[in-house]
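Chains, contacts and geometry: an overview
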Amino acid sequence: MNRARKTFMLNMGPQHPAMHGIVRLVLEMEGELIKDVDVEIGYLHRAFEKHAESETWNNVVPWTDRLNYVSPLINNVGYAMAVEKLAGIEAPERGQYIRTIACELSRVTDHLTCVGASAMELGAFTVFLYLIKAREYLYQLIDNLAGARVTTNFTRVGGVKADLPQGFEEKCRDVFKKVREAVRDSDKLLTKNRIFMDRVDKTGIISKEDAAAYGITGPFLRSTGVAYDLRRAHPYLVYDRVDFEIPVGSTGDNFDRYLVRLAEIEQSLRIIEQCFKQIPAGKHSLDIAEMKNAYEFEDAGKFGDTALLKKYTAKVDQTLEGGGRRQHADVLNASRAAVLPAKEETYGSIEGLMNHFELIMWSWGIKIPAGETYVAVEGGNGELGFHIVSDGSGRPYRVRCRPPCLYIMAALPILLKDSYIADIIPTFGSVNMIGGELDR
Amino acid sequence: MSGDAAANPWQGERRESEPAAAFDALRALKEQGFNMLVDMTAVDYSAQGREPRFEVLYRLMKLDLQSGEDRGRVELHVKVPEGAPVLRSAASLWPIADWLEREVWDMFGIGFVDRPKIKRLLMYEEFQGHPLRKDYPITKRQPLVGPASGERPDNPSFNAMRPTVKYE
C-alpha cells in the first residue's frame, strides 16, 4: 500500500510558552514528524547597534546589559575590552580580577537559567525551583557587586565601576555552598531519570562539522567534543593564571549539552575561588583604625558601611587627596583621557574639575583613536564578539555585536529535521536562546 | 595603537579583496582550512565621504576539530558600492552565511547574487529603508504593520484607521 503522504503546516510561536517569548517556528509536519522548519526571528529587535552610534563610549555599556540579559556582566566586560583595545589601555590588575569574577558569576547564572528552564519545560518543575533559587542567591551577589541584579552597567572604559564590596568573599563562599547543593540535587533528580533521559538522550544531535559550518561556539560546540573555549584559546583577563577544565561531550545531543553546562558551573565556581586567592591586595575593606580622611568615609558610604560613618569624624584637608587613594587606582586605569578622576579631585582641584568636565560635557567625552578592532570573550552561549569602528570622535562609528545564539538558531532546522514534535522542547531549551542577544 | 594582528589574536590577519574576486578568495580560504565563518558584517562609510560607500567584512577562523584549538584567523574586507548587488553569496561555502547575508541586506541594503530570494532577518518585510545606513535618521518612526492586516504605511488612510488612545 503506497498512500501519498500529505504534510501540513504548524505554527509555533511567537507567543508560545516553550518559545521563551519571542521566536516563531513554522513547521512542516507529516503526522508528528518534522519535515521542514522555518525560523523567524527579530521580535525583540531594539536597534542596539544603531543606538550605540549616537551614544558616547561609556554610555553604550548600559545598552549591552540588555543583550544577553541572564549574563549581563559578560557583555559589559566584552564591550569595555573592545574599546580599551582601540584606546590602547588596560584595566589594572585588580580590576582584571574583579572582571573575571564578575564574568564567571554571570556564566553560572546563565547556565543555571538554561538548565532550569529546559528541565521545567520537560516537566521537572522541582529542578527549576532549585536552580532558580540558587540563581537568586547569585543575583544577590551581583546586586551587591554592581548595584543591580540584571541591569548591571558594571564596567567602565579603563576599569570597573567599584571595588569588591566588603565581605564579598565570605558571601560568595556561602552562596557557592548553596549553588553546589542545588546543582548536586538537580543532578540526582535528572541525570539518571528515565523520563528526562527519554526526552534528551540522542535528540537534537549535531555533528562537529555541521557545528563549525554554522559558526556555533560555546557549550553547544563543546557538547560535540570540540574543546574550543576562548578562555583557553586566547586567554584574556586573568584566565591564563587560573586552573580550570573544559568539559566536552561526545555525541552532541541534548543530554551532552545538559552535562556540559552542569560541569561548567562547577568550573566557573572554581575559577572564582582561585581568583579570590590570587587577587592582589587592595584596600578594599576599610580598617577602622585608619578612618581619618574624608575619602575613606566616602568609600565606606559606597560599601553601605553607615555604622563607621557615625562613629568617626572626618578630617578634611584642602585638596582632599582623592587621586592618590588606592580605592580609585586599584580598579581603574590611570589614563586621564578615558577615566573619570576621583570625586575628591573633581571637588578639590581645578585640574580634576577640568578633567571631569572634559569627560562629561556634551560632544567632548572620551576620544578613542580612529581605527577598528574586534575583541571576543567567552559568553554564556559562546563567542561574544564586538567589532568596533572609531572615527576619532567621541562616539562609536559602528558597533557590531556577534551574538552567539544567532548561529545556533540558524542551525535549528538541521537539529529538528526528521525528529518528532516533542523533541522541539528539549532541543530549543538547550539552545539557550536569549531574545535580547539574538535580535539585539 | 590599533589593528595590530600580533597584539590582537581575535582579529587575525587583515586582507582585502575586490567584490568580483571576493567569492574566489573566500573559496580559496575555505580550501586552506578556514572552516568557520565567525562573523560577517558591513560598515557604512558614507558619513566619512568614502567611496565606494560600504565595506563588507568576513571574519574566518581555522578551528581544529580534534584539539579544539584556534589555528588562526583572517578578516577579509571588501569595498562594495551602493546599488545593484555585486557580491556572490557565500552560503554554499558556509551555510551560516545565509542568515548573515540576510542581516546585512536587512540593515544595509547590500544585496547578494547567486542565492535564493533574500528576506529581511530582524526587521519585518513591510519595513521601509535599511536602518544601519548612516542616512537613516535614528529618530525616524515607522508604523508596525503585520503581513495579514493589509495596511500599508504608504497608504494615506493608514493612521486614520487607528483609533486615538489617550493616556491620562
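For clarity, every value in this text was computed on a predicted model and none was experimentally measured. (Residues numbered from 1 in each chain as written. Chains lettered and ligands numbered in written order. Predicted model: local features only at pLDDT ≥ 70, side-chain atom pairs only at ≥ 80, totals over all residues.)

As for the packing of helix α4 (residues 93-121) of chain A against helix α19 (residues 424-431) of chain A
Residue and element names in this part refer to chain A. Running from amino to carboxyl end, α4 crosses α19 at an angle of 170°, the nearest separation of the two axes being 9 Å. Looking at the two axes, α4 sits roughly antiparallel to α19. Packed against α4, whose contacting residues are Ala117, Ser118 and Glu121, the element α19 presents Ile425, Pro426, Gly429 and Ser430 at the interface. When grouped by side-chain class, the residues that make up the contact of α4 with α19 number three nonpolar, three polar and one charged. (Axes fitted to C-alpha atoms, helices over the stretch in contact; angles between N-to-C directions. Helix = DSSP H or I, 4+ residues; strand = E, 2+ residues; numbered from the N terminus. Parallel < 35°, antiparallel > 145°, perpendicular 65-115°, else oblique. Contact = placed C-beta atoms within 7 Å. Nonpolar A, V, L, I, M, F, W, Y, C, P; charged D, E, K, R; others polar.)

Quick word on the domain arrangement of chain A
Residue and element names in this part refer to chain A. Here chain A is described as being made up of domain 1 (48-280 + 367-439) and domain 2 (288-360). Between domain 1 and domain 2, the residue contacts involve 18 residues of the former and 13 residues of the latter. Contributing elements (two or more residues each) for the side of domain 1 that touches domain 2: α4 and β5 (159-160). The greatest single-element share of the side of domain 1 that touches domain 2, amounting to three residues, is contributed by α4. (Domains from an automatic or database assignment.)

What about the sheet that holds strand β8 (residues 396-402) of chain A?
All names here are of chain A. Reading across the sheet, the three strands line up as β6-β7-β8 and stay open at both edges, with antiparallel pairing between neighbours. The sheet is open, and its two edges are formed by β6 (371-378) and β8, each paired on a single side. Across this sheet, the average inter-strand angle for adjacent strands is 15°, counted without regard to direction. Bridge analysis of strand β7 (residues 383-390) against β8 gives six bridges, and the strand direction is antiparallel. Directly across from Gly385, in β8, lies its bridge partner Arg402. Contacting β6 and β7, helix α3 (residues 72-87) runs over the sheet at an angle of about 150° to β6. (Pairing = 2+ DSSP bridges.)

Some details on the environment of Val157 of chain A
Its location among the elements puts Val157 of chain A in the loop between β4 (155-156) and β5. Beyond its immediate sequence surroundings of up to four residues, Val157 of chain A is in contact with Trp57, Asn58, Ala80, Val83, Glu84, Ala87, Ala338 and Ile366 of chain A.

Topic: the interface of chain A and chain B
By a widely used convention, the size of an interface equals the accessible area lost when the partners come together. With 39 residues of chain A at the contact, the number on the chain B side is 31 residues. Broken down by secondary-structure element, the contributors of at least two residues to the side of chain A that touches chain B are α1 (48-52), α3, α8 (208-213), β6, β7, β8 and α17 (404-410) of chain A. Among the elements that make up the side of chain A that touches chain B, the one with the highest residue count is β6 of chain A (six residues). The residue makeup of the side of chain A that touches chain B, split by class, is 18 nonpolar, 10 polar and 11 charged.

What to know about the sheet that holds strand β3 (residues 54-63) of chain B
Residue and element names in this part refer to chain B. If you walk across this open sheet you meet the four strands as β1-β4-β3-β2, and the pairing is mixed. A single partner strand is all that each edge strand has here, and the edge strands are β1 (13-17) and β2 (36-44). Neighbour-to-neighbour, the strand axes of the sheet open up by a mean angle of 20°, direction not taken into account. Here β1 pairs with strand β4 (residues 70-80) via five bridges, running parallel.

Some words on the environment of Asp163 of chain A
Residue and element names in this part refer to chain A. Mapped onto the elements, Asp163 comes out in the loop between β5 and α6 (168-190). Residue Asp163 is classed as buried on the basis of its 25 C-beta neighbours within 10 Å. Along the chain, Asp163 and Asp330 lie 167 residues apart, while their C-alpha atoms are 7.8 Å from each other. (Buried ≥ 20, exposed ≤ 12 C-beta atoms within 10 Å, placed from the backbone.)

Some thoughts on the packing of α3 of chain A against α4 of chain A
Residue and element names in this part refer to chain A. The interhelical angle for the contact between α3 and α4, taken along N-to-C directions, is 140°, at an axis separation of 7 Å. Taken together, the axes of α3 and α4 are oblique relative to one another. Counting all contacts with α3, which are made through Pro72, Leu73, Ile74 and Val77, the residues of α4 involved are Arg99, Ala102, Cys103, Leu105, Ser106 and Arg107. Across the contact of α3 with α4, the residue classes tally to seven nonpolar, one polar and two charged.

Section: the pairing of β3 of chain B
Residues and elements named next belong to chain B. Counting buried residues in β3 gives nine out of 10 residues, a clear majority hidden from the surface. Strand direction decides the pairing type here: β2 and β3, joined by eight bridges, are antiparallel. Considered in β3, the bridge of Ala42 is made with Val56. As paired elements, β3 and β4 share nine bridges and run antiparallel to each other. Within β4, the position partnered with Arg59 by the bridge is Glu75.

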